[in-house]
Structure formats: C-alpha cells, structure tokens
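# Coordinate inspection notes
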Amino acid sequence: QVQLVESGGGLVQAGGSLRLSCAASGRTFNSYTMGWFRQAPGKEREFVVGISWNGGSTYYKDAVKGRFTISRDNAKNTVYLQMNSLKPEDTAVYYCAAGLGVHPGIVTRYSAYDYWGQGTQVTVSS
C-alpha cells in the first residue's frame, strides 16, 4: 500500500512558477513509476509528466515540454514537479500517481497507476 500526499499548489500569475511535491509512504517507493496528471473543470483527467522508478526516464505531455520538469528523490520518498512559464490553460487540480511495473508504452494511461493522491489545486491567472 502506498499513500500519496501532494502539496505546493496555489494561485500564480501567468508566467510564474510553482513547485509541486508528492510525498509517498511505504518502503517500496523506489520501485514505482510516478506520474502527475491534471484535471480541469469539465474535462477528463490527463497525463502531464511521468518518471521511471530510478529517474532514468522521463515522459512529458507535449504542451508542457520545456516548461515543466519532473524529478524524484528516492531517499526522501518524494517526487517533484517544477512548473515554469505557467499559462492559464495549466489551471487544474494536479494529482500524483504511483504505478508498479508500468511499461513505458502505457505511462500516459490513467489505468496504469495503482495509487493516487488527493490532488492539489493550481490556478494560473491571466
């Protein structure tokens, strides 16, 4: 069992930055692929970024490439999402997710992940 707790969301002006954190419980954190998804009002939850169990591979939604960076610290059981040059269309609830044995080919799929955090709101004003 893995419990995930996100933090770091908030209100920021367009062009600003935020850093989200996801703290995980459990001693097997370093076995999990981690992902960040987001859900805007009236829209489906969508993949944003992902990172392999050892940080060796990262995956990004095209719309955030060059602006967002995912990283992880397995010693601290934490994954981070650095978001720069934020845009109003980045406004959403951001969810952290953990999946065991996620094949790179399905890392963007909601169904590939076993555990989810409660979400943190990110609001970007224009």
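Each value, and the rule that gives it
- Residues numbered from 1 in each chain as written.
- Predicted model: local features only at pLDDT ≥ 70, side-chain atom pairs only at ≥ 80, totals over all residues.
- Heavy atoms only, no water.
- Buried < 20%, exposed > 50% of the residue type's maximum accessible area, 1.4 Å probe, protein only.
- Helix = DSSP H or I, 4+ residues; strand = E, 2+ residues; numbered from the N terminus.
- Pairing = 2+ DSSP bridges.
- Axes fitted to C-alpha atoms, helices over the stretch in contact; angles between N-to-C directions.
- Disulfide = S-S within 2.5 Å.
- Salt bridge = Lys/Arg side-chain N within 4 Å of Asp/Glu carboxyl O.

## Points about the pairing of strand β4 (residues 32–39)
- Counting buried positions along β4 gives 7 out of 8 residues, so the element sits mostly inside the fold.
- Where β4 and strand β9 (residues 92–100) come together, 8 bridges link them in antiparallel fashion. Looking at the pairing, Gly35 lines up with Ala97 of β9.
- Judged from the 5 bridges that link them, β4 and strand β5 (residues 46–51) form a sheet pairing that is antiparallel. From the neighbouring strand, Phe37 faces β5, where its bridge partner is Phe47.
- Between β4 and β5, which follow one another and run antiparallel, lie 6 residues, and Gly42 among them has a positive phi close to 75°.

## Overview of the sheet that holds strand β1 (residues 4–7)
- One open sheet accounts for 4 strands, arranged β1-β3-β8-β7; its pairing is antiparallel. Looking along the sheet, the strands with just one partner apiece sit at the ends: β1 and β7 (68–73). If you compare each strand with its neighbour and ignore which way they point, the axes differ by 15° on average.
- Two elements, strand β3 (residues 18–24) and strand β8 (residues 78–83), share 6 bridges in a ladder whose sense is antiparallel. Residue pairing for β8: Cys22 is matched across the bridge by Val79.

## Considering the state of the cysteines
- All told, the structure shown has 1 disulfide when counted by the stated rule.
- Paired by a disulfide, Cys22 and Cys96 hold their sulfur atoms 2.1 Å apart. Here the S-S torsion is close to -80°, and the disulfide linking Cys22 with Cys96 is therefore left-handed. Of this pair, Cys22 sits in strand β3 while Cys96 sits in strand β9, placing them 74 residues apart in sequence. Of the two residues, Cys22 and Cys96, neither departs from the other in class, the shared state being buried.

## Describing the pattern of salt bridges
- Under the criterion given, the structure shown has 5 salt bridges.
- Between Asp90 and Arg38 there is a salt bridge whose closest N-O contact spans 3.0 Å. Taken together, the positions of Asp90 in the loop between β8 and β9 and Arg38 in strand β4 put the pair 52 residues apart, joining distant regions of the chain. No difference in accessibility class separates Asp90 from Arg38, as the two residues are buried.
- Here Lys65 ties to Asp62 by a salt bridge, and the two come within 3.0 Å at their closest N and O atoms.
- Judged by relative accessible area, which is 62%, Asp62 ranks as exposed.
- In this structure, a network of salt bridges that share partners links the residues Arg38, Glu46, Lys61, Arg67 and Asp90.

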